Amino acid sequence: MLKIAFHPSYVYPLPPKHRFPMEKYELLPQQLLLEGTCDEANFFEPELPNDKYICAVHDPDYYYDFLNLKLSQKEIRRTGFPLSRELVWRERLIAGGTIMAAEFALKYGIAMNIAGGTHHAYTNRGEGFCMLNDQAIAARYLQQQKLAEKILIVDLDVHQGNGTAEIFEGDDSVFTFSMHGEKNYPFKKEKSDLDIGLPNDTSDEVYLKTLKETLPELIEKVKPDFVFYLSGVDVLATDKLGKLSLSIEACKERDRFVLQTLKEQQLPVECSMGGGYSQEIKYIVEAHANTYRLAQEIFF
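Below, the structure is looked at part by part. Keep in mind it's a predicted model, so treat the numbers as computed, not measured.

1. Some remarks on the state of the cysteines
Thought 1: A full pass over the atoms with the stated rule returns zero disulfides.
Thought 2: There is no disulfide at Cys 38, and the cysteine sulfur nearest it, in Cys 271, is 12 Å away.
Thought 3: The class of Cys 38 is buried, set by a relative accessible area of 4%.
Thought 4: Of all cysteine sulfurs, the one in Cys 271 lies closest to Cys 130, which takes part in no disulfide; the gap is 17 Å.
Thought 5: Taking the relative accessible area as the measure of exposure, Cys 130 reaches 4% and is therefore buried.

Encoded structure:
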């Protein structure tokens, strides 16, 4: 069964006209239920992870300042979200959801988190709507629990996974792969184990060709026993922050290729949703929903 982490607290109230489309976290589960892709049994409510798993990735001083609402105004502005106890609860729940989804993926081949993909969170700071790096936390958790040894993180959000790259810099047990817009945020890139920076207005054909030439060889080289997939939909041509030119069909084909490849290789995968900032929310929800439809089709 496809297991999906979701909690009502994923939907965090934001000031009017905030550019982050928080409502997608409410609309996406509704869409999946309405169309019959999923039913209530597919969803599970995450639990808060033990602080020790978060502090295995994040600097304890940073984490406890965040936990106790002691971040400076500068640190808060960098994240893009107003700081509150509700936000702290939300971010910890998202990390817990990705940990639990990773465990379900080991059992069923794949599992998802409606939120997550918080790849701009560094060891000692948050930025770009990311406070705690959910996939990094879950990757380290799997290793600590002896559930995985070699991990591959496939980050196809339009923005480089700079926080993830920094967290695992020099760590041969986690391979970080980011394919992103070269001239997009973050403007100072970190060094992933493999970075592919794409020019503005990259087409469907070029994007898919690049991915299809890269991923199978990368899997052969890295030989992971677990994969985290960040399936951001801010690669769409409709995205306000994306700068690439992918159609919704190409975004779906991207997900199909990644998931089919991992299924054929019998590699368990946890998917977190990452970014999506199209002007019309329907494009964001449809592109994210495609990832779940494909997970059901390919794995079940």
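There's plenty left to go through after this.
2. Section: helix H10 (residues 281–299)
Thought 1: Helix length check: H10 (19 residues) gives 27 Å between terminal C-alpha atoms against 27 Å at 1.5 Å per residue, within 8%.
Thought 2: Counting buried residues along H10, 14 of its 19 residues qualify, which places the element largely inside the surrounding structure.

3. Side note on the packing of aromatic side chains
Thought 1: Per the stated rule, a full pass over the model turns up 15 aromatic pairs.
Thought 2: Plain terms: the ring middles of Phe 6 and Tyr 10 are 5.7 Å apart, the flat faces sit at 85° to each other, and that makes the pair edge-to-face. As far as burial versus exposure is concerned, Phe 6 and Tyr 10 are alike and both buried.
Thought 3: Here the aromatic rings of Tyr 12 and Phe 81 are separated by 6.4 Å at their centres, their planes lie at 65°, and the arrangement is edge-to-face. In this pair, Tyr 12 is assigned in the loop between strand S1 (3–5) and helix H1 (24–35) and Phe 81 in the loop between helix H4 (73–79) and helix H5 (85–108), connecting sequence segments 69 residues apart. Both residues of the pair, Tyr 12 and Phe 81, belong to the buried class.
Thought 4: Put simply, the rings of Tyr 12, Phe 20, Tyr 25, Phe 81, Phe 129 and Tyr 277 touch in pairs and so form one group of aromatic residues.
Thought 5: Here the guanidinium or amino end of Lys 3 rests over the ring plane of Phe 104, the centre of that ring lying 5.5 Å away.
Thought 6: Taking the ring centre of Tyr 122 as reference, the NZ or CZ of Arg 125 above it sits at 3.7 Å.

4. A few points about the side chain of Thr 37
Thought 1: Residue position: Thr 37 is located in the loop between H1 and strand S2 (43–44).
Thought 2: Taking relative accessible area as the criterion, Thr 37 reaches 18% and is therefore assigned buried.
Thought 3: Here Glu 35 takes part through its side chain, which lies 2.4 Å from a polar atom of the side chain of Thr 37.

5. Considerations on the side chain of Asn 42
Thought 1: Take Asn 42: it is sitting in the loop between H1 and S2.
Thought 2: At 2.8 Å, the side chain of Asn 42 and the backbone nitrogen of Asp 39 are in polar contact.
Thought 3: Apart from the residues within four sequence positions on either side, Asn 42 is in contact with Met 1, Leu 2, Lys 3, Ile 4 and Gln 296.

Reading the values: rules and limits
- Residues numbered from 1 in each chain as written.
- Predicted model: local features only at pLDDT ≥ 70, side-chain atom pairs only at ≥ 80, totals over all residues.
- Heavy atoms only, no water.
- Disulfide = S-S within 2.5 Å.
- Buried < 20%, exposed > 50% of the residue type's maximum accessible area, 1.4 Å probe, protein only.
- Helix = DSSP H or I, 4+ residues; strand = E, 2+ residues; numbered from the N terminus.
- Expected span 1.5 Å × (residues − 1).
- Phe/Tyr/Trp six-rings, centres within 6.5 Å; stacked < 30°, edge-to-face > 60°.
- Lys NZ or Arg CZ within 6 Å of the ring centre and 35° of its normal.
- Polar contact = N/O pair within 3.5 Å; in protein donor to acceptor, adjacent residues only side chain to side chain.
- Contact = heavy atoms within 4.5 Å.

None of this, on its own, says anything about what the molecule does.
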